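Chain and residue survey
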Amino acid sequence: MRASHVAAVVFLFVGTGLAQADPLTLVEEGRATATIVLAAEPTRAAQFAAAELQYHLSQMTGATVPTATATDPVTGPAILVGESAATRALGLASSDFAAQEYLIGFRPGALVLMGRDADDRGAVDYQNAGTFPGDFDEQGTVYAVYDFLERFCGVRWYLPTELGEVIPERTTLTVRGRDIRRRPAMIYRHVYRAEAMPADLIGDTMDREEEYPSLDQRSARLFMRRMRHGGARYQANHSFYGYYNRFLEEHPDWFAQGYEGQPPQMCFTEPGFVEQVVADARAYFDTGSVQPRAVAAGDFFALVPMDNASWCRCERCAAEVLAEPTRGYSFTSNDTASDYIFGFINKVAREVGRTHPDKWLAALAYSRYVYPPRREPLEPNVSIMLCLQTRRIYHPESVSNDRRILGAWTRESVQRPKFVWLYYCYPSLWARHQGWRPYPGFFAHSIVGQFAQFHRSGVRGFFVEPSYLARYQRSPLMDQLELYLTFRLADDPTLDGSRVIAEFFDLYYGPAAAPMRELYESIEATYADPANHTGEVLGTEERMREYGRLLSQARGLVRDADAVYAERVDLFYHGIYRWMREGRESFAELQELRESPCPSATIPRIAAAQGDPDRADWSAAVVLDDWANLRGEPTARQVQARMAHDGEHLYVELEEVGIDPTKLVLGASIPVWHEDEWEVFFARERGPGYRQMGLNAAGVHYDLAYDEESSEWDSGVVLHSDVSAPDRWAVRMALPLGQLVPGGAKPGDTLYFNALRATVTARSLAWSPTFGSFREPSRLGEIELAE
């Protein structure tokens, strides 16, 4: 954002004190009576706003309202779009508006639609999306036009393309009212991969062989403009991954101590590291330049650790991390590292505040540092983005924890700029990674209450991770009502969310509104009920029959209506119900497959190798072959594992041959889990209480525990990743048996194990097919450590 600080949010309409002007007839009996008036050299925002206004008025009335400049003679009402000589004559200039502020003004013989616009006079081609205003450009005039179309003309946008447009038809358009001067209540409104939607608006979570063409850029960008996507320049995300290339070789002491290979984190108590972060922040605020993989935007510079909880083990750092959480739940959302991470952020914030008092350090409240610190107050020049599991409405503990997190930060500071990171990406993200089709997690009614609380807590913006599909697309259908409601309530907290939902069904489905609303709410209620998540099936045979009945009823009601209603019902059928039905059938097949036996192997004992995987006698190791994809389907890829032990260590080799190692995905913003990787699992028995390791081609590994004792697994692994051969990636590792599973392991023990090969470019493979997700402890294979 351009202002030097985040200003207070304006919630209510601001009147000018002027009396309501006489009605303005813009189109009469299909003939344009008004003229759109622009400046002689209008801003890019004003040009685009005028084109959007002209398009919608034409679709509404059949008349093309002409455009002119403020110096041209105009007869009839003038629609003043953006600042011009005409608005200045009325005492209205763009520079008089606050960031994102706009006016819908009624004057004698004139309708004023203008606001704060960036001083960009580049030409707009309405057919070329590349010429439209950017997400985070000032475009108050665009907001004024959209608000006018919604409030005074009844226009709605529920999906990209004309299929999602609701534009009431009329031959005469007359408007009147009082001035509305306002800006969006939430100043930051951002959806990840906002424009990456499938051309058919359906897509798939499963990566099939056929192409997934993307929606054309113009349709996608128009829709997101109409949603008011963008706003203030702000960003907060994991921000230190660039330090590996910049400083690891020269300053290894700046990185987490106590790990083999590449350290998973920084040492957040190391003075030299703190000084460098301060220098980077100051350089950004002075020059606008950002170091590789740093995260900054506008007046905000992010300070966010890597995406894991493998903290530095030096004495200083270890003393600041709690052994057990005092707030939160489980190992994913608590306060064990709150004092540690926010203590580091405070050190940077104090120094940067001395030289740049009008700038912000952007932090996340996330994972093990999701709660405010208790040891010392957070510095006032730190903004916070709360990471909330808002779609897990079926999980009472998660819902309760989210409320506690929001409440804790609200009490911590009313003035502190607060934003929310909303995970709308589940369950589709699980389905996307694991190759199945999810039950849709509809939750619109919950969003109404969530956003009411956000506004009460002073939240100023949102970042949404949407429902992900294959090929890096997002689903416009699984989030259709959810994202529409999110944008509307973020813009205007005075709206009645329940009425917005009811209006959606009435306007979008027309004659089929009643059965489609019943269908949506039935799916939503099933998803929300915790009792339905104790097993593995939401789309039961009985429910699917009822959903099919409601869809048949809806189809019958639109058969003789406007064709657009039938198209919308059919889109739901093909994009939601069809995938549910196929997912149900696939689940039934998988249930049978899950009954198949898991593989087993006896792990031979070899001569002592002293924990060095390169000294192990691999010729004597057992080969674990016959890998398959997660559904148990054979693969032509050459993947295998070898295992042996020497009584003290377990030796594991993982190998894929017939690949080009130079094309392995490495360097993702979230290492390991979003890259080419291997994953191995160990357990004392099948079920809860297992250990997981993920590792990439650089030898970076993360070790996790899923048991009551701890979420951390000190594996003690010695690991070598080898990509030197032209057609092979191999990993060799030695794991101490005493640290392999709770209580340790010894020769003669029977343990449970699985290995998986994951890649973003092909289906994942496993030694023991899981018929589900990666973490399926019931499908671990059996290994016996030979005496």
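Residues numbered from 1 in each chain as written. Predicted model: local features only at pLDDT ≥ 70, side-chain atom pairs only at ≥ 80, totals over all residues. Heavy atoms only, no water.

1. Some details on the overall build of the chain
Check the secondary structure of the chain and you find 16 helices and 34 strands. Rg of the C-alpha trace for the chain: 29 Å, near the compact-globule value of 28 Å for 787 residues, within the 12% margin. Expressed as a percentage of its 787 residues, the buried residues of the chain come to 59%. A fraction of 73% describes how many contacts in the chain between residues 6 or more apart in sequence connect residues 24 or more apart. Summed over all atoms, the accessible surface of the chain reaches about 30,900 Å², with 49% contributed by carbon and sulfur. Looking at the chain, you have 79 positive and 107 negative side-chain charges, and the mean spots of the two groups are 5 Å apart. (Helix = DSSP H or I, 4+ residues; strand = E, 2+ residues; numbered from the N terminus. Rg over C-alpha atoms; globule rule 2.2 N^0.38 Å. Buried < 20%, exposed > 50% of the residue type's maximum accessible area, 1.4 Å probe, protein only. Contact = heavy atoms within 4.5 Å. Areas by Shrake-Rupley, 256 points an atom, 1.4 Å probe, with all protein chains shown as cover. Lys, Arg positive; Asp, Glu negative; His and termini not counted. Charge placed at Lys NZ, Arg CZ, Asp CG, Glu CD.)

2. A short note on the side chain of Asn401
The residue Asn401 is located in helix α9 (residues 396-412) in this model. Here Asn401 falls in the buried class, since its relative accessible area comes to 0%. When neighbours within four sequence positions are excluded, Asn401 is seen to be in contact with Gly328, Tyr329, Ser333 and Tyr371.

3. Structural notes on the sheet that holds strand β21 (residues 459-465)
Read from one edge of the open sheet, eight strands run β13-β12-β21-β20-β19-β18-β15-β14, paired in mixed fashion. Strands with a single pairing partner mark the edges of an open sheet, and in this sheet they are β13 (230-231) and β14 (296-297). Across five bridges, strand β18 (residues 360-365) lies against strand β19 (residues 382-388) in parallel orientation. Paired with Leu364 across the strands is Met385, a residue of β19. (Pairing = 2+ DSSP bridges.)

4. Here's the deal with the sheet that holds strand β5 (residues 78-81)
With mixed pairing, six strands are arranged side by side in an open sheet as β4-β3-β5-β7-β6-β11. Among the strands making up the open sheet, the edge pair consists of β4 (67-69) and β11 (180-182). Here the strands of the sheet are splayed against their neighbours by 20 degrees on average, with no regard to which way each runs. As judged from the six bridges shared by strand β6 (residues 102-107) and strand β7 (residues 110-115), these two strands associate in the antiparallel manner. By the bridge assignment, Ile104 is partnered in β7 with Leu113. (Axes fitted to C-alpha atoms, helices over the stretch in contact; angles between N-to-C directions.)

5. Remarks on the pattern of salt bridges
A full pass over the atoms with the stated rule returns 47 salt bridges. Note that Arg107 and Asp179 form a salt bridge whose closest N and O atoms lie 2.8 Å from each other. Of this pair, Arg107 sits in strand β6 while Asp179 sits in the loop between β10 (173-175) and β11, and the two are 72 residues apart along the sequence. When its relative accessible area of 9% is taken as the criterion, Asp179 is described as buried. For the salt bridge of Asp749 with Lys746, the shortest nitrogen-to-oxygen distance reads 3.2 Å. Three or more residues are tied together by salt bridges with common partners; here these are Arg642, Glu653, Glu655, Asp722, Arg728 and Arg732. (Salt bridge = Lys/Arg side-chain N within 4 Å of Asp/Glu carboxyl O.)

6. What about unusual backbone geometry?
A cis amide bond links Tyr426 to the next residue, Pro427, at an omega of 10 degrees. The residue Arg228 is not glycine, and still its phi comes out positive at about 65 degrees. Relative to the assigned elements, Arg228 resides in the loop between α4 (217-226) and β13. Arg228 gets classed as buried once you look at its relative accessible area, which sits at 6%. Positive phi outside glycine occurs at Gln610, with the angle close to 55 degrees. The residue Gln610 is located in the loop between β22 (600-603) and β23 (622-624) in this model. Look at Gln610 and you get exposed, because its relative accessible area is 52%.

7. With respect to the packing of helix α11 (residues 444-456) against helix α14 (residues 513-528)
Packed helix pairs are characterised by how far apart their axes lie and by the angle those axes make with each other. At a minimum axis separation of 9 Å, α11 and α14 run at an interaxial angle of 70 degrees. By the angle class used here, α11 and α14 are roughly perpendicular. Contact residues: α11 offers Ala444, His445 and Ser446, while α14 offers Arg517, Tyr520, Glu521 and Glu524. (Parallel < 35°, antiparallel > 145°, perpendicular 65-115°, else oblique.)

8. What about the side chain of Asn532?
Of note, Asn532 is situated in the loop between α14 and α15 (541-558). For Asn532, a relative accessible area of 17% gives the class buried. Excluding residues within four positions of it along the chain, Asn532 makes contact with Ala525, Thr526, Val537, Leu538 and Arg543.

9. Observations regarding the packing of aromatic side chains
One pass over the structure, following the stated rule, counts 66 aromatic pairs. Their ring planes at 50 degrees and their centres at 4.9 Å tell us that Phe247 and Trp254 sit as a pair that is tilted. Summarising the burial analysis for this pair, Phe247 and Trp254 share the class buried. When the centroid spacing of 5.0 Å and the interplanar angle of 90 degrees are considered together, the rings of Tyr424 and Phe443 count as edge-to-face. (Phe/Tyr/Trp six-rings, centres within 6.5 Å; stacked < 30°, edge-to-face > 60°.)

10. Some thoughts on the pairing of strand β30 (residues 718-722)
Of the pairings in the sheet, the one linking β30 to strand β31 (residues 728-736) comprises five bridges and is antiparallel in character. Looking across to β31, one finds that Ser721 is bridged to Val731. Between β30 and β31, which pair antiparallel in sequence order, lie five residues.

11. Some details on the confidence of the model for the chain
Averaged over all residues, the pLDDT of the chain is 93; the fraction at 70 or higher stands at 95%. The low-confidence segment residues 1-18, where pLDDT is below 50, has 50 contacts with residues more than four positions distant or belonging to other chains. (pLDDT = per-residue confidence, 0-100.)

12. A short note on helix α1 (residues 44-61)
In this model, α1 (18 residues) spans 26 Å end to end at C-alpha, consistent with the 26 Å of a helix rising 1.5 Å per residue. Counting buried residues in α1 gives 15 out of 18 residues, a clear majority hidden from the surface. (Expected span 1.5 Å × (residues − 1).)

13. Notes on the packing of helix α13 (residues 497-509) against helix α16 (residues 563-594)
Two numbers describe how α13 lies on α16: the axes approach to 8 Å, and their chain directions differ by 115 degrees. Counting all contacts with α13, which are made through Leu507, Tyr508 and Tyr509, the residues of α16 involved are Tyr565, Arg568, Val569, Leu571 and Phe572.

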